[in-house]
Amino acid sequence: MGEPPTPPAGLTRFNALAESAATAALHEACASSAWGSKLLSRRPYATAEALFAASDAAMAELGAEDLAEAMAGHPPIGRPKPGDPTSSREQRGMAGASEELKTEMLELNLAYQDKFGHVFLICATGRTGEQMRDAVKERIGNSPEQEREIVRAELGKINRIRLTRLLEDETA
């Protein structure tokens with residue numbers, strides 16, 4: 001048998017980061033410290049897919065408090081954090097939305113937050129403002145239990161996108 005394949009350069013960089021730098025990089029991807037700790041404890045990763053699988057497994061294990069911590073790192077749809085290129089990029093679909101749609105999203109976000117106690121969370125990458133509006137309208141009728149599992153799945157998608165970007169970042 002031959003040597004195992006060499007990990008991609010971004011993954012090699014991530015595997016080699018000092019623990020504090022790796023913790024900070026993972027926190028940028030997901031605000032859950034439990035998720036980040038689980039990923040750190042499994043370094044080094046041989047492949048990006050192994051990192052993604054560890055991310056998915058860690059997300060599946062998060063309890064309610066850990067999910068709340070993860071959600072706290074996400075601004076409401078239509079209101080990305082000022083100076084945060086990640087949330088602005090991810091929410092690009094709302095950037096060109098009409099004032100009417102932005103106002104509607106604000107009202108829906110508030111109604112959702114009143115019902116569930118946290119921001120409406122969706123993997124916004126590649127979605128239009130209308131698609132996000134339709135999703136919040138559909139999901140506001142869910143039970144808290146249904147919504148918690150949908151949020152867990154959406155966070156998993158966001159984490160994969162952000163981990164991919166981390167592995168592609170030449171400065172990481």
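Residues numbered from 1 in each chain as written. Predicted model: local features only at pLDDT ≥ 70, side-chain atom pairs only at ≥ 80, totals over all residues. Heavy atoms only, no water.

Moving on, we get to the overall build of the chain. A tally of helices and strands in the chain yields ten helices and zero strands. Helices and strands in the chain line up, N terminus first, as α-α-α-α-α-α-α-α-α-α. Computed over C-alpha atoms, the radius of gyration of the chain comes to 17 Å, within 12% of the 16 Å expected from 2.2 N^0.38 for 172 residues, which places it in the range of a compact globule. Taking the principal axes of the C-alpha coordinates as reference, the chain spans close to 60 × 35 × 30 Å. A buried classification covers 41% of the 172 residues belonging to the chain. For the chain, long-range pairs separated by at least 24 residues make up 68% of all intrachain contacts whose partners lie at least 6 apart in sequence. Just so you have it, the chain exposes about 9100 Å², and 55% of that area is on carbon and sulfur atoms. Averaged over its 20 positive side-chain charges, the chain has a centre that lies 1 Å from the centre of its 26 negative ones. (Helix = DSSP H or I, 4+ residues; strand = E, 2+ residues; numbered from the N terminus. Rg over C-alpha atoms; globule rule 2.2 N^0.38 Å. Buried < 20%, exposed > 50% of the residue type's maximum accessible area, 1.4 Å probe, protein only. Contact = heavy atoms within 4.5 Å. Areas by Shrake-Rupley, 256 points an atom, 1.4 Å probe, with all protein chains shown as cover. Lys, Arg positive; Asp, Glu negative; His and termini not counted. Charge placed at Lys NZ, Arg CZ, Asp CG, Glu CD.)

Okay, the confidence of the model for the chain next. Per-residue confidence for the chain gives a mean pLDDT of 89, with 92% of residues at or over 70. Mean pLDDT in the chain bottoms out at helix H6 (residues 85–90), which sits at 76, and peaks at helix H3 (residues 33–41), which reaches 97. (pLDDT = per-residue confidence, 0-100.)

It is worth spelling out helix H5 (residues 64–72) at this point. An α-helical segment advances 3.6 residues per turn. Residues three or four places apart therefore align on the same side. Of all the positions in H5, only Leu67, Ala70 and Met71 are classed as buried. Down the axis of H5, the buried set is contained in an arc of 95°. They therefore lie on one face. Away from its buried face by more than 90 degrees, H5 exposes Glu65 and Ala72. For H5, the secondary structure elements touched by its buried residues are helix H4 (48–61) and helix H10 (144–168). (Arc of directions from axis to C-beta.)

The next subject is the nonpolar core. Residues Phe14, Trp35 and Leu163 are the most contacted members of the largest nonpolar core, which totals 44 residues. Mapped onto this core, the elements with two or more residues apiece are helix H1 (9–16), helix H2 (19–29), H3, H4, H5, helix H8 (99–116), helix H9 (129–139) and H10. No other element matches the six residues that H10 contributes to this core. With residues near it in sequence (within four places) discarded, Leu163 still touches Leu26, Ala29, Trp35, Leu39, Leu51, Phe52 and Ser55. (Core = buried A, V, L, I, M, F, W, Y, C linked by side-chain atoms within 4.5 Å.)

Here we take up the environment of Gln91. Here Gln91 lies in the loop between H6 and helix H7 (92–95). Put simply, Gln91 and Thr47 are 44 residues apart on the chain and 29 Å apart in space, counted from C-alpha to C-alpha.

Let us look at the packing of H2 against H10. Relative orientation of the contacting elements H2 and H10 amounts to 135°, with a least axis distance of 8 Å. Of the possible angle classes, the one that applies to H2 and H10 is oblique. As for the relative orientation of H2 and H10, their crossing is right-handed in sense. Contact residues: H2 offers Ala25, Leu26, Glu28 and Ala29, while H10 offers Asn159, Arg162, Leu163 and Leu166. (Axes fitted to C-alpha atoms, helices over the stretch in contact; angles between N-to-C directions. Parallel < 35°, antiparallel > 145°, perpendicular 65-115°, else oblique. Left-handed = near helix turned anticlockwise from the far one by under 90°.)

Taking 1.5 Å of rise per residue, 14 residues should cover 20 Å, and H4 covers 20 Å from first to last C-alpha, within 8% of that figure. Within H4, the full set of buried residues consists of Leu51, Phe52, Ala54, Ser55, Ala58 and Met59. Relative to the axis of H4, the buried residues are bounded by an arc of 160° and lie together on one face. Buried-residue contacts for H4 involve H1, H3, H5 and H10. (Expected span 1.5 Å × (residues − 1).)

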